[in-house]
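In case you want the letters, here they are:
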Amino acid sequence: MMSPPLSSFLSVGRFLALLGTVLIALSDDPLEALRSAVDTFVGTTLPTVVTVGLVMIIESQMRLLGVVDLIGRLAGKIGVRLSLFAVPTLLGLIPATAGAKLSAGIVAALGKEQKVSGRRLAAINFWFRHVSIFCNPLIPGVILAAAIADMSPGEVVRWGVPMAVICSGFGAVFFLRGLRPLAKDGEGSPDAEKVETTDIVLRSGDSAAERRGNVPFVLMLAAVVAAALITPIPLPLLLSLPAGLGLFFLRDNVSLLKGAVKWRLMLELVCILWFAAAVRSTGLLDSLAVYLENNFTNPLLAVVVASFIVSFVTGACLPATSIVMPVAVSTFPGNDFVVYLTLAAGFASQFVTPTHLCLVVSAEAFRTSAFRLAASMLIPLGLSFFLWWELIYASPLP
């Protein structure tokens, strides 16, 4: 069953596309506006759609190659605390809807060995699953924002690398500190016992070829993420490498990838890109940028707050990106830091909104309240942003 946040998003894109078309028709020069919108749309849509499609294929390949099982096996060899940090963090690189369920089963199994509450396990699973969101160039919201801003995803999310590190540190302090193993005759966390790991960990690789492929695939994907952050190589070209490697190892079971590309979501992305191109061609964004500059003492704050609110209400970063990012780009043209800050505000709201699907999944998996889980995020998230902001101002990136 489709989640409410995603379902609400799926109606947003088509509405925005219709709205953009109407705005073109009502503009002073509809033909010129249409020509400008088509030029912008054609230039941004194909690379964006290809990139998101490759991410979807890679997500399915990770499941089919048994990468989740591989991470689970490695977790048993590196210690419980490090595993509780590493497992959700690594699986957080998979931009999957309700992706917290991928790591919940392993976190639950590790929690059985610790004297820890279900709420704390839910916080561990959710928090560390999302620390990489601040610097992951594979997230569709980042790809869409970069397309709207005419930048590379790596150019945008480089600002978030310190944030991801800071969040990891505060997460360790607030959620991993003080964990104690149970006595041999003790019982594990009762909330962890309730989690059905077989329902959470998805299908792993069955054949020997698939099992041999999981390690090279992970190494290739890690190299691609690093390259996306530090090189100007186009992301579609980079992502074609792990996607091609996955196809090689799954060559006898390629049919299992059927349905990997979610065409409804792709349609929504195309609609959003048309809206961004249409509204830009009408000149309305330029007028709105002037309005913000003349009526707000801090236009940047207005953009950031708008992104936070939209993401808080919808539980997803794509609607906030589609609605707010065109305004941010027009108000602060060519400013990659503003693009990132607008994104980061949307990401931050997902840590504290009960409409975010991953938060709901984590809460339900460990039998706790989504509202209490969201409340436990407030202090570490606030401290992380404060320290990140001070760090950026003290030693800004070039």
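To be clear, the structure that these remarks concern was listed above.
Presented here is a report on the structure given in the accompanying data block. As the structure is a computational prediction, the values presented were derived from the model and not from experiment.

## Let's talk about a nonpolar patch on the surface
Together, Leu-301, Val-305, Phe-308, Ile-309, Phe-312 and Val-313 line one region of the surface with nonpolar side chains, adding up to about 510 Å² of accessible area. Structurally, Val-313 is set in helix α16 (residues 299-314). Looking at Val-313, the relative accessible area reads 56%, which means it is exposed.

## Focus on helix α2 (residues 30-64)
With 35 residues, α2 should cover 51 Å at 1.5 Å per step; its first-to-last C-alpha distance of 49 Å lies within 8% of that length. Taken from the residues just after α2, Gly-66 is the one with a positive phi, measuring 80 degrees.

## A short note on the packing of aromatic side chains
Counted according to the given criterion, the structure contains 17 aromatic pairs. Geometrically, the ring pair formed by Trp-159 and Phe-337 is edge-to-face, given 4.8 Å between the ring centres and 65 degrees between the ring planes. Of the two residues, Trp-159 sits in the loop between α8 (153-157) and α9 (161-176) while Phe-337 sits in helix α18 (residues 336-350), which places them 178 residues apart along the sequence. Each member of the pair Trp-159 and Phe-337 is classed as buried. Relative to Phe-312, the ring of Phe-308 has its centre 6.2 Å away and its plane inclined at 20 degrees; by these criteria the two rings are stacked. Residue Phe-308 and its partner Phe-312 are both found in helix α16; the two are separated by four residues, about one turn of the helix.

## A word on the packing of helix α4 (residues 80-91) against helix α6 (residues 118-130)
The geometry of α4 relative to α6 is characterised by a closest axis approach of 7 Å and an angle of 50 degrees between their N-to-C directions. Judged by the inter-axis angle, α4 sits oblique to α6. In terms of crossing hand, the pair formed by α4 and α6 is right-handed. On the side of α4, the interface is formed by Leu-84, Phe-85, Pro-88, Thr-89 and Leu-91, while α6 contributes Ile-124, Asn-125, Phe-128 and Arg-129. Residue classes in the contact of α4 with α6 are distributed as six nonpolar, two polar and one charged.

So, how was this worked out
- Counting starts from 1 at the beginning of each chain's written sequence and moves along it residue by residue.
- A pLDDT threshold of at least 70 governs which residues receive local features in this predicted model, and a stricter bar of 80 or more applies before side-chain atom pairs are shown or counted, although totals over entire chains, interfaces and linings include all residues.
- Where side-chain values are given, they derive from all heavy atoms of the structure, hydrogens and water being excluded.
- Surface patches are drawn from residues lacking salt bridges whose relative accessible area is over 30%; two like charges belong together within 9 Å, two nonpolar side chains (Val, Leu, Ile, Met, Phe, Trp, Tyr) within 5 Å.
- Reported accessibility uses the Shrake-Rupley method at a 1.4 Å probe radius. Residues are deemed covered only where the shown protein chains occlude them.
- By salt bridge we mean one thing: a side-chain nitrogen of Lys or Arg within 4 Å of a carboxyl oxygen of Asp or Glu.
- Numbering of helices and strands runs from the N terminus, with a helix taken as a DSSP run of H or I at least four residues long and a strand as a DSSP run of E at least two residues long.
- Classification of residues uses two cut-offs on accessible area relative to the type maximum, computed with a 1.4 Å probe and protein chains only: under 20% is buried, over 50% is exposed, and between them is partly exposed.
- One less than the number of residues in a helix, times 1.5 Å, gives the span that helix is expected to have.
- Two rings belonging to Phe, Tyr or Trp (six-membered ring only in the last case) form a pair when the distance between their centres is within 6.5 Å. Interplanar angles under 30 degrees mark stacking, angles over 60 mark edge-to-face geometry, and anything in between is tilted.
- An axis is simply a line fitted to the C-alpha atoms; with a helix, the fit covers only the stretch in contact. Between two such axes, the angle follows the N-to-C directions and lies from 0 to 180 degrees.
- Angle categories: roughly parallel below 35 degrees, roughly antiparallel above 145, roughly perpendicular from 65 to 115, and oblique for all the rest.
- By convention, the crossing between two helices is left-handed when the near helix turns anticlockwise from the far helix through less than a right angle, and right-handed when the turn is clockwise.
- Any two residues whose heavy atoms approach within 4.5 Å are treated as being in contact.
- Under the scheme applied, nonpolar residues are Ala, Val, Leu, Ile, Met, Phe, Trp, Tyr, Cys and Pro; charged residues are Asp, Glu, Lys and Arg; polar residues are all the others, including Gly.

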